[in-house]
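Okay, here's what each chain looks like letter by letter:
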Amino acid sequence: MTRPETDRLFAQAQPQSDFRFDSAVARVFPDMIRRSVPGYTTIVPMIGIITEQFAQPGSHCYDLGCSLGASTLAMRHGLRFEDCALIGVDNSAAMIERCEHYIALDDHPLPVSLRCEDILTTDLSDASVTTLNFTLQFVQPAERLPLLQRIADATRPGGVLILSEKVRFESASEQDIQTHLHHEFKRANGYSDLEISQKRSALEQVLIPETIADHRERLTAAGFGEVTVWYQCFNFVSMLAIKAS
Ligand code: GEK
């Protein structure tokens, strides 16, 4: 297993093609997500704290779209019950292969099951904490409500979904300001204008952001009770949706 590399995937001019979670992305992923997603390095440890608060004995905890397992490991360290089952799911074989390596390097005793499966069809049951940390945005909009309904149906009363997403804004001026600030964040982290614009084109048809109001409405329709935004930095938010007790 080679060490994680610096993300230079979009540094050279290249023909436009859709972004894919392949082995080249998996190799640079820790660097890419840290330099691209404002708040990621805060959100991940907070997922551990939220897990500690809401996990229930003997329940299942899921990290859906686990990539290299950063949130899975935060959940693992937040879990206080030895009889919980922790499951990470990702449909990128390159991600799951590297994730296995990172999970093995971590010395926490709680076992982690990794599944190379689609989160739209993976089995979900008896859940207390489920995490979708920047994953739902890659699911086709028409598939989002059925997925959230399956998660809500699988969640115990008092259990939660942690949902982090890139969002868009109804107001054109707010959208412009937040997008500009996000691009400045990327520039401050060493990405060139060419890298920013080529990555943006590659993600255009793949990452489909919605408004915070869209997310709230759909989480409620799916069967969650309280929905609260617990983190926002520019156009990136994390929400907590709680199943009524
Ligand atoms: C983290 N949560 O580090 N089924 C399974 N996996 C999927 C699907 C799907 N239908 N669609 C996308 N993915 C992680 C970061 S990254 C976010 C999550 C980002 C997977 C995809 O393969 C990728 O690994 C992950 O979702 C999204 O906390 O790259 O911005």
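Calculation criteria
Residues numbered from 1 in each chain as written. Predicted model: local features only at pLDDT ≥ 70, side-chain atom pairs only at ≥ 80, totals over all residues. Heavy atoms only, no water. Helix = DSSP H or I, 4+ residues; strand = E, 2+ residues; numbered from the N terminus. Rg over C-alpha atoms; globule rule 2.2 N^0.38 Å. Buried < 20%, exposed > 50% of the residue type's maximum accessible area, 1.4 Å probe, protein only. Areas by Shrake-Rupley, 256 points an atom, 1.4 Å probe, with all protein chains shown as cover. Lys, Arg positive; Asp, Glu negative; His and termini not counted. Charge placed at Lys NZ, Arg CZ, Asp CG, Glu CD. Near = heavy atom within 4 Å. Polar contact = N/O pair within 3.5 Å; in protein donor to acceptor, adjacent residues only side chain to side chain. Nonpolar A, V, L, I, M, F, W, Y, C, P; charged D, E, K, R; others polar. Salt bridge = Lys/Arg side-chain N within 4 Å of Asp/Glu carboxyl O. Axes fitted to C-alpha atoms, helices over the stretch in contact; angles between N-to-C directions. Parallel < 35°, antiparallel > 145°, perpendicular 65-115°, else oblique. Left-handed = near helix turned anticlockwise from the far one by under 90°. Contact = heavy atoms within 4.5 Å.

## Focus on the overall build of the protein
Logical step 1: Assigned secondary structure in the protein consists of eight helices and seven strands.
Logical step 2: Taking 245 residues into account, the globule formula puts the C-alpha radius of gyration at 18 Å, and the protein, at 18 Å, falls close to it.
Logical step 3: Dimensions along the principal axes, computed over C-alpha positions, put the protein at roughly 50 × 45 × 30 Å.
Logical step 4: By residue count, 50% of the 245 residues in the protein fall in the buried class.
Logical step 5: For the protein, the computed accessible surface area is about 11,300 Å², with 51% contributed by carbon and sulfur atoms.
Logical step 6: Both charge centroids of the protein, one from 22 positive and one from 32 negative side chains, sit 4 Å from each other.

## Overview of the site of the ligand
Logical step 1: If you check the shell around the ligand, you find 21 residues, and the closest are Tyr40, Gly65, Ser67, Ser71 and Asp90.
Logical step 2: Between a nitrogen atom of the ligand and a main-chain N or O atom of glycine 65, the distance comes to 2.8 Å.
Logical step 3: One of the side-chain nitrogen or oxygen atoms of asparagine 91 is found 3.2 Å away from a nitrogen atom of the ligand.
Logical step 4: Taken by itself the ligand offers 660 Å² of open surface, and the protein chains cover 93% of this.
Logical step 5: For the shell around the ligand, the elements supplying multiple residues, two or more each, are helix H1 (23-36) and helix H3 (70-78).
Logical step 6: Residue composition of the shell around the ligand, grouped by class: ten nonpolar, eight polar and three charged.

## What about the pattern of salt bridges?
Logical step 1: In total, this model carries eleven salt bridges according to the counting rule given.
Logical step 2: Here arginine 187 makes a salt bridge to aspartate 193, at a shortest N to O gap of 2.8 Å.
Logical step 3: On the basis of relative accessible area, arginine 187 is assigned to the partly exposed category, the value being 39%.
Logical step 4: Residues arginine 218 and glutamate 210 are paired through a salt bridge, measuring 2.7 Å at the closest nitrogen-oxygen approach. Per residue, the accessibility class of arginine 218 equals that of glutamate 210, and both read buried.
Logical step 5: What emerges from the salt-bridge pattern is a single network uniting Asp31, Arg34 and Arg35.

## Regarding the packing of helix H6 (residues 172-188) against helix H7 (residues 193-203)
Logical step 1: Contact geometry for H6 and H7: axes closest at 10 Å, N-to-C directions at 125°. For the element pair H6 / H7, the angle class is oblique. Relative to H7, H6 is oriented so that their crossing is right-handed. Only Asp193, Ile196, Lys199 and Arg200 of H7 make contact with H6, whose side of the interface consists of Thr179, His183, Lys186 and Arg187.
Logical step 2: In terms of residue class, the contact of H6 with H7 is built from one nonpolar, two polar and five charged.

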